[in-house]
Amino acid sequence: MNEITTIRPSTPKDWETDQEVRWCPGCGDYAILKAVQRTMPELGVAPENTVFVSGIGCSSRFPYYMETYGFHTIHGRAPAVATGVKLANPELDVWIITGDGDALSIGGNHTMHLLRRNLDCQFLLFNNEIYGLTKGQYSPTSREGTRSPSTPFGSVDHPAKPCAFALGAGARFVARGIDVHKNLPSVLKAAHAHRGAAFVEIFQNCIVYNDEVFEPFTAKPNAALGQLWVEHGQPMLFAGGAKGIALDRERLTLKVVDVADGDWQGAGVIVHNVTNRAIAHMLVEMPFGPFPMALGVLYDDPAPTFESAVADQNRAASEGKTADLQKLVSKGQTWMVDKEPHKL
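Since the model is a prediction, treat every value here as computed from it, not as a measurement. (Residues numbered from 1 in each chain as written. Predicted model: local features only at pLDDT ≥ 70, side-chain atom pairs only at ≥ 80, totals over all residues. Heavy atoms only, no water.)

As for the packing of helix 2 (residues 78–88) against helix 4 (residues 108–117)
The description of two packed helices rests on the angle between their axes and on the distance between the axes.
Item 1. The geometry of helix 2 relative to helix 4 is characterised by a closest axis approach of 8 Å and an angle of 35 degrees between their N-to-C directions. Of the residues in helix 4, those in contact with P79, A80 and T83 of helix 2 are H110, T111 and L114.
Item 2. When grouped by side-chain class, the residues that make up the contact of helix 2 with helix 4 number three nonpolar, three polar and no charged. (Axes fitted to C-alpha atoms, helices over the stretch in contact; angles between N-to-C directions. Helix = DSSP H or I, 4+ residues; strand = E, 2+ residues; numbered from the N terminus. Contact = heavy atoms within 4.5 Å. Nonpolar A, V, L, I, M, F, W, Y, C, P; charged D, E, K, R; others polar.)

Comments concerning unusual backbone geometry
Item 1. Residues other than glycine seldom take positive phi values, yet K135 does so here, at roughly 80 degrees.
Item 2. Relative to the assigned elements, K135 resides in the loop between strand 4 (121–127) and helix 5 (162–168).
Item 3. In this structure K135 comes out as exposed when scored by relative accessible area, which is 52%.
Item 4. Non-glycine residue D261 carries a positive phi angle of around 55 degrees.
Item 5. Tracing the backbone shows D261 in the loop between strand 10 (253–258) and helix 9 (277–285).
Item 6. Assessed through its relative accessible area of 85%, D261 is described here as exposed. (Buried < 20%, exposed > 50% of the residue type's maximum accessible area, 1.4 Å probe, protein only.)

Section: the packing of aromatic side chains
One pair of aromatic rings is described through two measures. These are the centre distance and the angle between the planes.
Item 1. The tally for this structure, following the rule as stated, stands at 11 aromatic pairs.
Item 2. For the ring pair W23 and F62, a centre distance of 6.5 Å and an interplane angle of 40 degrees mean the geometry is tilted. Of this pair, W23 sits in the segment before helix 1 (28–43) while F62 sits in the loop between strand 1 (50–54) and strand 2 (69–72); the two residues are 39 residues apart in sequence, bridging distant segments of the chain. Like W23, the residue F62 is buried in the burial classification.
Item 3. Seen in terms of ring centroids, F217 and F288 are 5.4 Å apart; in terms of plane orientation they differ by 65 degrees. Their pairing is edge-to-face. With F217 in helix 7 (residues 215–218) and F288 in the loop between helix 9 and strand 11 (293–300), this pair connects stretches of sequence that are 71 residues apart.
Item 4. On the basis of relative accessibility, which here comes to 2%, the residue F217 falls in the buried class.
Item 5. An aromatic cluster of at least three residues, connected via ring pairs, comprises W23, Y30, F52, F62, Y65, W95 and F126.
Item 6. Lying over the aromatic face of F306, R117 brings its terminal NZ or CZ to 5.4 Å of the ring centre. (Phe/Tyr/Trp six-rings, centres within 6.5 Å; stacked < 30°, edge-to-face > 60°. Lys NZ or Arg CZ within 6 Å of the ring centre and 35° of its normal.)

With respect to the layout of surface pockets
Item 1. Each pocket or cavity is described by its volume, and for the largest pocket that value is around 390 Å³.
Item 2. Lining the largest pocket are 22 residues; nearest its centre among them are E129, R143, K161, F288 and M293.
Item 3. Those elements giving two or more residues to the lining of the largest pocket turn out to be strand 6 (197–203), helix 7 and helix 9.
Item 4. By residue number, the principal contributor to the lining of the largest pocket is helix 9, which donates three residues.
Item 5. For the lining of the largest pocket, the class distribution of residues is 14 nonpolar, two polar and six charged. (1 Å grid on protein atoms, 1.4 Å probe; cavity = no way out; pocket = protein on both sides within 12 Å on 5 of 7 lines; lining within 4 Å. Points joined across faces, edges and corners; volume = space filled by probe spheres on them.)

Points about the pairing of strand 3 (residues 93–99)
Item 1. For strand 3, a buried count of seven out of seven residues is recorded, marking the element as mostly surrounded by other parts of the structure.
Item 2. Sheet topology note: the strand 1/strand 3 ladder contains five bridges and is parallel. Opposite V53, over in strand 3, you have I96 as the bridge partner.
Item 3. Direction of pairing for strand 3 relative to strand 4: parallel, over a ladder of five bridges. (Pairing = 2+ DSSP bridges.)

What to know about helix 10 (residues 306–318)
Item 1. The terminal C-alpha atoms of helix 10 lie 19 Å apart, and with 13 residues this matches the ideal 18 Å at 1.5 Å per residue to within 8%.
Item 2. Among the residues trailing helix 10, G320 stands out with phi positive, at a value near 80 degrees. (Expected span 1.5 Å × (residues − 1).)

So, the sheet that holds strand 10
Item 1. Strand order across the open sheet formed by three strands is 8-9-10, with antiparallel pairing between neighbours. The open sheet has two edge strands with one neighbour each: strand 8 (237–238) and strand 10.
Item 2. Note: strand 9 (residues 243–248) against strand 10, six bridges, orientation antiparallel. Residue A246 lies in a different strand from strand 10, and its bridge partner there is K255.

Description of the environment of H192
Item 1. With respect to the secondary-structure elements, H192 resides in helix 6 (residues 184–193).
Item 2. Taking the C-alpha atoms as reference points, H192 and S330, separated by 138 residues in sequence, lie 45 Å from one another.
Item 3. Those residues in contact with H192, other than ones at most four positions away along the chain, are L43, V45, D93, W95 and Q122.
Item 4. There is a polar contact of 2.9 Å between the side chain of H192 and the side chain of D93. (Polar contact = N/O pair within 3.5 Å; in protein donor to acceptor, adjacent residues only side chain to side chain.)

Side note on the side chain of S142
Item 1. As for its placement among the helices and strands, S142 is situated in the loop between strand 4 and helix 5.
Item 2. On the accessibility criterion, S142 (1% relative accessible area) is buried.
Item 3. Here the side chain of S142 touches E129 through a polar contact of 2.6 Å, landing on its backbone oxygen.
Item 4. Separated by 2.8 Å, the side chain of S142 and the backbone nitrogen of S139 make a polar contact.
Item 5. Apart from the residues within four sequence positions on either side, S142 is in contact with E129, I130 and P159.

Points about the nonpolar core
Item 1. By size, the foremost hydrophobic cluster in this structure holds 45 residues, and its most contacted members are M236 and L283.
Item 2. Setting aside residues up to four positions removed in sequence, L283 forms contacts with R176, L228, V230, M236, L254, H272, A294 and L298. (Core = buried A, V, L, I, M, F, W, Y, C linked by side-chain atoms within 4.5 Å.)

As structure tokens, this is what we get:
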């Protein structure tokens, strides 16, 4: 009898390449790379069935460092290439790696169409609110007043909000994480478990051109008041449970409330429901300062995927038919090429 070969579970080392990782010392991309490499074995997937697709930018070096298939594509076009990969082989596990400039500027239209089509993939947007690779120009997510080589007097643009953009484009999964936070792997796992386009914004520190821009909520002393980690079925509490998020029913907006003696029900604190799209919109629109930064899985409500619809359509169109390439190319007007040399 033939012995059944036992497949050894992968380890983080199995997902690392022999390439030298080349980002600026201290860049948040290192932490995200390690988080992904440590998470992959826990997903029960295989490197040979996995593809990482990137565009242009610092984050787009990512495929070189993952021991999987990968495409380093062109500026803003990673969603288009990823769509082709998934349609060609729906069994592949497709990850898109991009940045705020790559995905929301030149690639904004491609990002929008991928999300509204609901291609089954994980879309990781590294948001450092700056163009890092091209020496620090302001990006679509840069805050008003950002001084850069392209805005020496300060940006006057209103910044794009990636998660609001994703929800507006019809994304069925929207989440946020922080490059160095211990909860990032759990966000990645949730994104992978979602069947459809899973959009994850990751706040990533650019130590050279936009250092500490997220410190007001990422720094350890600011985390308790600055971070709201939401979890399905759990009350929206922060500041060690002393504060929470409630619904202002008169204005139909969210508000911060104090929680006395742990009585969050009495304070009207909302219990997070990942399928509630209206609350997800409110969470991503909360202005930081008066409110904490909403993190974790904000919205998760699966719908039929694009590649499954294409496969069903192709299956229906070919039902009862026999493939005949010669018949196809001979269909319509045809002519024969005279093999004899033309005589003048």
